[in-house]
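# Descriptive analysis of the structure
Now for the letters of each chain:
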Amino acid sequence: MDVTTAARALIGDTLGFHLIFILFGVSLPAIISVAEGIGIWKKQPWLINLARSWSKALVILFIAGAVSGTIVSLQFSLLWPNFTSFAGKVVGISFALEGFAFLVEALFLSVYMLSWDKFKPVKHWLISLPVVLGSVTSAFFITTVNAWMNTPRGFKLDANGNPIDINTRQAVFNPSSGHEIAHSILSYFFATLLVLLAIYAWKNWRTKIALNVRPRLDLLMKYLAIATLVFGMLVVLSGDRSGKALAKDQPYKLAAAEGLYQTQNGAPLEIGGIVSDNQIKGAIKIPKLLSFLATGHFDGKVTGLNDVPKDERPPVVVHYFFDGMVAIGMITVFVPAFYLISSKWKKSWMNKKLMMISLVFCGVLGVLGAELGWMLTEFGRQPFVIRGVMRTTDAATTSQAALHLGYLLPLLYLVLFVVTYKALKKIFKPMEALE
Amino acid sequence: MSFVDVALIFISLMFGLYAVASSIELGIVLALLKNPKSSVAKLFTPLWEVTNVFLVFGFTATAIVFSSALPKLSHKLLSTLVIAIVALVVRALVVLKIFYLNSQSKKNRQLFALCNLAIPISFAAAGIYMFTGQYFWQSFNGLALLFSAIFGMLSIGMLAVERAEPQEKLVSVELTMSVWLLGLGSIVPFASMLSHIHYQKAPLITLSFLTILGFFAALLKLTTKPNLALWKIAGTIGLVSPILLALANRPYFIAKDTLLSSAYSGGAYVGFFVIGALVTTPLLLIGFRLFWQLMRDN
């Protein structure tokens, strides 16, 4: 393994691991705050207890997320010094403001946890607001950096390739910022709600539910399914915006995701198939659909890989990530919708084993979908780390120490994941609040 | 005072705050290792994890303000900081095991103490490289600084525990503190003369003055037991020494190698950073006040 591959494996492992926890870190504070707020407003103590129970899980997830986040910040500088050196000059402000947001979130989360039973309900709920503010703005700022890596703006290059004439506003609010922020943050909420729904579906399926608990469990699952459906629809809408923006600003990524070789009007959408020799074979082709999805017109022009220089083409393997993400999106919107429909018109189906298994499955798929989305954006930008400006091979460290770390960290993450899961299982009692 | 100086102070302060917090946590766990039923157990909480933000802030600010020096830092210091990275993951594992899986075994506490020492020491070793231009084992100056860092952490930790629970006195804190301050206050300036680096004199003289004062305070307490708030003196020195060493290192960012002027990435972010600080400071002040109040009540 060479140093660049080791550095790629390391940051990939760390971010892949970190993403699982930030999904919850970004969205769970807001969900908890809403539950507690409604509980206080409507005088429903079980909702306040529910918020308390979820907050215990949040703290455990936060510990794993905070440590992987700290390591991400170290790895950016130590494994990708040329990237961070360049990016620091142009979008360093986003890193800095993300730091402030993280500080606000961490501090107020500690206060929030310490002050259960110590502050009056409204005061305690007010403490949750800075946690929500910190978590969402933290995600906002760090996503602007990723967006800038996809569509770098706000600078010129001097003769030595250094950034000059920096316009921070243009860099931070680059063409990809809006849709990437919206799509990723909405996806985090969607995935978290799917996981919460899956947890209660699992309990509904695997444990005997007491008669006094049943109405609350059904009500909670219904609320969660409604929220999941709302966020699912928003994710679909923002995904459509992202697809159109991709066709305009990152056509190479869309071409790779669809294995579209020739630039053409009325391009077909390819579903499934096998990627071989950087081409998709055996896919189901739906005529003109890609053009419609990318441009809004069935005869719209979609750029193919032939218009991208050979040494700048992303790997077509991203087709799997794209298809996987879209398929997961469709399944995970359909299942909660079906659950809601059955709760209204076919109550006997509502708590059936198959329905519960499907909801549990959706929880796992939600996290997997977010991971695939992130992999699509990262692999789809290759061979560049900053599209068109800095190649991945030029961004990595020259230190051989990366090689040793490359073997050790994934193992440690695996252990940390198992321990986090065990801690969650021990501390987080999802049914407690419903009893 | 230039923006570069302000940035140096801010970055050093962040690492200093992290080191002091880690030291206190280290003191708590050492007290628990000595006496598992100690009353300091109530201070042993996962809430200390919040102090990770100082590390993130320190490192992010370094990466932003001195981004031009990152390729060199990475090449020279990755192997040193690998220890901190591994220790951070191991510490998170142990935190989860101790606090959420109730695995309060001696082995876990020992591992926790080791990680709590390893993370700041790994960063201190990186700082020593930047201050001397050599790895810590390559110069007398570097070794003296490393031992000062270790003894400093032990002193601050043990003094904090003693302050919280006076009956929990661990070995001779005053003696440990004397060793620390002797190294920091006397050996470093002397050795710096031998290393032929023209450090800025004012910060080093200030540091020596502070540490010699602390040294005499520790000796006085050791011999006559006056009512001296030694933990405050130790904490202050622990916080200001990284700042003074960074300022003494000027005009270098990495001694003998990289000038601050060539490491500095430009002041484009001053306005934004100030806005960020202005927006969040009132919120953070409220947060820290509430946090402190709740911790004290606990």
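Up top is the structure.
First, a word on scope: everything that follows refers to the structure included in this document. (Residues numbered from 1 in each chain as written. Chains lettered and ligands numbered in written order. Predicted model: local features only at pLDDT ≥ 70, side-chain atom pairs only at ≥ 80, totals over all residues. Heavy atoms only, no water.)

### Structural notes on the overall build of chain B
This is how the line gets drawn: Helix and strand definitions follow DSSP, with helices as H or I runs of at least four residues and strands as E runs of at least two, each counted in order from the N terminus. Radius of gyration here uses only the C-alpha atoms, and the compact-globule reference equals 2.2 Å multiplied by the residue count raised to the power 0.38. Summary of the burial criterion: residues with accessible area below 20% of their type's maximum are buried, those above 50% are exposed, and those between are partly exposed, where the area comes from a 1.4 Å probe applied to protein chains only.
Within chain B one finds 10 helices and 2 strands. For chain B, the succession of helices and strands along the chain, N to C, is α-α-α-α-α-α-α-α-β-β-α-α. Taken over the C-alpha trace, chain B has a radius of gyration of 19 Å; the compact-globule value for 298 residues is 19 Å, and the two agree within 12%. Principal-axis analysis of the C-alpha atoms gives chain B an extent of 55 × 45 × 35 Å. For chain B, the proportion of its 298 residues judged to be buried stands at 55%.

### Let's talk about the interface of chain B and chain A
Basically, it comes down to this: Contacts: residue pairs with any heavy atoms within 4.5 Å of one another. Buried area, as used here, totals the accessible surface that two parts lose on assembly, with accessibility defined by a 1.4 Å probe and the loss added over both. Definition used for salt bridges: Asp or Glu carboxyl oxygen within 4 Å of a side-chain nitrogen of Lys or Arg. The definition of a polar contact used here is a pair of N or O atoms within 3.5 Å, where within protein one atom must be able to donate a hydrogen and the other to accept one, and adjacent residues in sequence count solely through side-chain atom pairs. For this classification, the nonpolar set comprises Ala, Val, Leu, Ile, Met, Phe, Trp, Tyr, Cys and Pro, the charged set comprises Asp, Glu, Lys and Arg, and every other residue, Gly included, is treated as polar.
The interface of chain B with chain A comprises 53 residues on the first partner and 60 residues on the second. At the boundary of chain B with chain A, total buried surface from both sides reaches about 5,400 Å², with 84% on carbon and sulfur atoms. Viewed at the interface, chain A and chain B are joined by 0 salt bridges. Here chain B and chain A share 4 residue pairs in polar contact (both at pLDDT 80 or more) between them. Elements that contribute at least two residues to the side of chain B that touches chain A include exactly helix H2 (52-65), helix H3 (70-100) and helix H10 (270-297) of chain B. Among the elements that make up the side of chain B that touches chain A, the one with the highest residue count is H3 of chain B (19 residues). Here the side of chain B that touches chain A is composed, by residue class, of 38 nonpolar, 13 polar and 2 charged.

### As for the environment of Pro46 of chain B
Following the sequence through the fold, Pro46 of chain B ends up in the loop between helix H1 (3-34) and H2. Through-space distance from the C-alpha of Pro46 of chain B to that of Leu96 of chain B is 8.4 Å; in sequence the pair is 50 residues apart. With near-sequence residues (within four places) excluded, Pro46 of chain B lies in contact with Ile63 of chain A together with Val95, Phe99 and Tyr100 of chain B.

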